[in-house]
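# An overview of the molecular structure
Single-letter residue listing:
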Amino acid sequence: AQSVTQLDSQVPVFEEAPVELRCNYSSSVSVYLFWYVQYPNQGLQLLLKYLSGSTLVESINGFEAEFNKSQTSFHLRKPSVHISDTAEYFCAVILQRGGSNYKLTFGKGTLLTVNP
Amino acid sequence: NAGVMQNPRHLVRRRGQEARLRCSPMKGHSHVYWYRQLPEEGLKFMVYLQKENIIDESGMPKERFSAEFPKEGPSILRIQQVVRGDSAAYFCASSPGAGRQETQYFGPGTRLLVL
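Residues numbered from 1 in each chain as written. Chains lettered and ligands numbered in written order. Predicted model: local features only at pLDDT ≥ 70, side-chain atom pairs only at ≥ 80, totals over all residues. Heavy atoms only, no water.

Looking now at the overall build of chain B. The secondary structure content of chain B amounts to zero helices and 11 strands. When the elements of chain B are put in sequence order from the N terminus, they spell out β-β-β-β-β-β-β-β-β-β-β. Over its C-alpha trace chain B gives a radius of gyration of 13 Å, about what one expects of a compact globule, namely 13 Å for 115 residues. A principal-axis box enclosing the C-alpha atoms of chain B has dimensions of 40 × 30 × 25 Å. In chain B, buried positions account for 47% of the 115 residues. (Helix = DSSP H or I, 4+ residues; strand = E, 2+ residues; numbered from the N terminus. Rg over C-alpha atoms; globule rule 2.2 N^0.38 Å. Buried < 20%, exposed > 50% of the residue type's maximum accessible area, 1.4 Å probe, protein only.)

Time to look at the nonpolar core. Generally speaking, soluble globular proteins have nonpolar side chains that are buried together. Core analysis: the largest hydrophobic core is formed by 28 residues, its most contacted members being L33(A), W35(A), L47(A), L48(A), F74(A), L76(A) and Y89(A). At the level of secondary structure, the elements contributing two or more residues to this core comprise β2 (10-14), β3 (19-21), β5 (31-38), β6 (44-50), β8 (64-68), β9 (73-78), β10 (87-95) and β12 (110-115) of chain A. By residue number, the principal contributor to this core is β10(A), which donates five residues. Once residues lying within four places of it in the same chain are set aside, the contact partners of L76(A) are V19(A), E20(A), L21(A), W35(A), L47(A), L48(A), F63(A), E64(A), A65(A) and Y89(A). L11(B), L21(B), V32(B) and M60(B) belong to the second largest nonpolar core, which has 22 residues in total. (Core = buried A, V, L, I, M, F, W, Y, C linked by side-chain atoms within 4.5 Å. Contact = heavy atoms within 4.5 Å.)

Here the focus is the packing of aromatic side chains. All told, the structure shown has 15 aromatic pairs over all chains when counted by the stated rule. Judged by centre distance (6.2 Å) and plane angle (80°), the ring pair of F106(A) and F106(B) falls under edge-to-face. On the criterion of chain membership, the pair formed by F106(A) in strand β11 (residues 105-106) and F106(B) in strand β10 (residues 105-106) is interchain, its members lying in two chains. In this pair, the class of F106(A) matches that of F106(B), namely buried. An aromatic cluster of three or more residues is present, and its members are F34(A), Y36(A), F90(A), Y102(A), F106(A), Y33(B), Y35(B), F45(B), Y48(B) and F106(B). (Phe/Tyr/Trp six-rings, centres within 6.5 Å; stacked < 30°, edge-to-face > 60°.)

Turning to the state of the cysteines, a few remarks are in order. Residue and element names in this part refer to chain A. Applying the stated criterion to the full structure yields two disulfides over all chains. Each sulfur in the disulfide pair C23 and C91 lies 1.9 Å from the other. Taking the sign of the S-S torsion, about -65° here, the bridge from C23 to C91 comes out left-handed. Residue C23 is found in the loop between β3 and β4 (24-26), and its partner C91 is found in strand β10; the two are separated by 68 residues along the sequence. Taken individually, C23 and C91 each receive the classification buried, so the pair is uniform in this respect. (Disulfide = S-S within 2.5 Å.)

A few words on the interface of chain B and chain A. Of the residues lining the interface, 21 residues belong to chain B; the matching set on chain A comes to 20 residues. Considering only the surface of chain B that becomes buried against chain A, L43(B), E102(B) and F106(B) emerge as the three largest contributors, covering 31% of it. Where chain B touches chain A, the interface holds one salt bridge. In this structure, the salt-bridge partner of D56(B) is K103(A), at a minimum N-O distance of 3.4 Å. Here chain B and chain A share nine residue pairs in polar contact (both at pLDDT 80 or more) between them. Breaking the side of chain B that touches chain A down by element, the ones donating at least two residues are β4 (31-37) and β5 (43-50) of chain B. When the residues that make up the side of chain B that touches chain A are grouped by side-chain class, the tally is eight nonpolar, seven polar and six charged. (Buried area = accessible area lost by both parts, 1.4 Å probe. Salt bridge = Lys/Arg side-chain N within 4 Å of Asp/Glu carboxyl O. Polar contact = N/O pair within 3.5 Å; in protein donor to acceptor, adjacent residues only side chain to side chain. Nonpolar A, V, L, I, M, F, W, Y, C, P; charged D, E, K, R; others polar.)

Next comes the structure, spelled out in structure tokens:
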């Protein structure tokens with residue numbers, strides 16, 4: 001069975017500092033990869049996704065993630081964070097397997113806290 | 001608002017009561033998914049529905065839980081005889097038709113508290 005590991009449950013950083021949120025997965029088949037963000041008391045918003053093609057994907061608000069197949073990782077990075085980036089970030093995968101390419105498996109989340 | 005809508009946003013029930021959670025997918029979406037988020041856990045898949053069909057309910061508890069997505073109206077997740085362990089946030093997601101199930105758009109969730 002596939003699994004997703006987010007190594008850090010909490011990441012505190014100062015405003016304008018760089019940040020990396022780590023995500024590793026295990027799967028015997030190819031996967032699609034996602035990062036979702038959840039602001040307090042809100043639903044999940046899709047931040048970025050890797051389906052195929054370039055292994056580096058970017059979001060509109062400055063985040064990027066790189067799919068590393070050999071290390072089975074999909075770490076999320078931002079070179080300079082803002083206080084408004086404070087939220088919980090979830091990494092997720094879907095198995096590329098015919099008939100079930102819809103079941104998202106989530107990590108436990110990383111709470112990013114940006115301090116002034 | 002063309003997004004996924006869920007109501008109620010918050011629901012309080014006493015043990016033994018029934019909880020009904022509603023989800024209206026995005027306009028043009030015919031696939032609905034329910035996920036449950038327990039405290040300090042990631043979301044876990046419960047069920048996948050298309051109009052009038054349950055496609056995959058492998059994540060649903062075998063007892064007390066049921067889901068439907070009728071031809072008309074919202075999808076309903078129903079929990080009978082709730083227990084304290086059912087307290088969680090329940091999220092609905094939707095996606096367009098076949099071939100695009102991997103990109104799911106989430107609603108704001110229903111936070112269920114069982115007293």
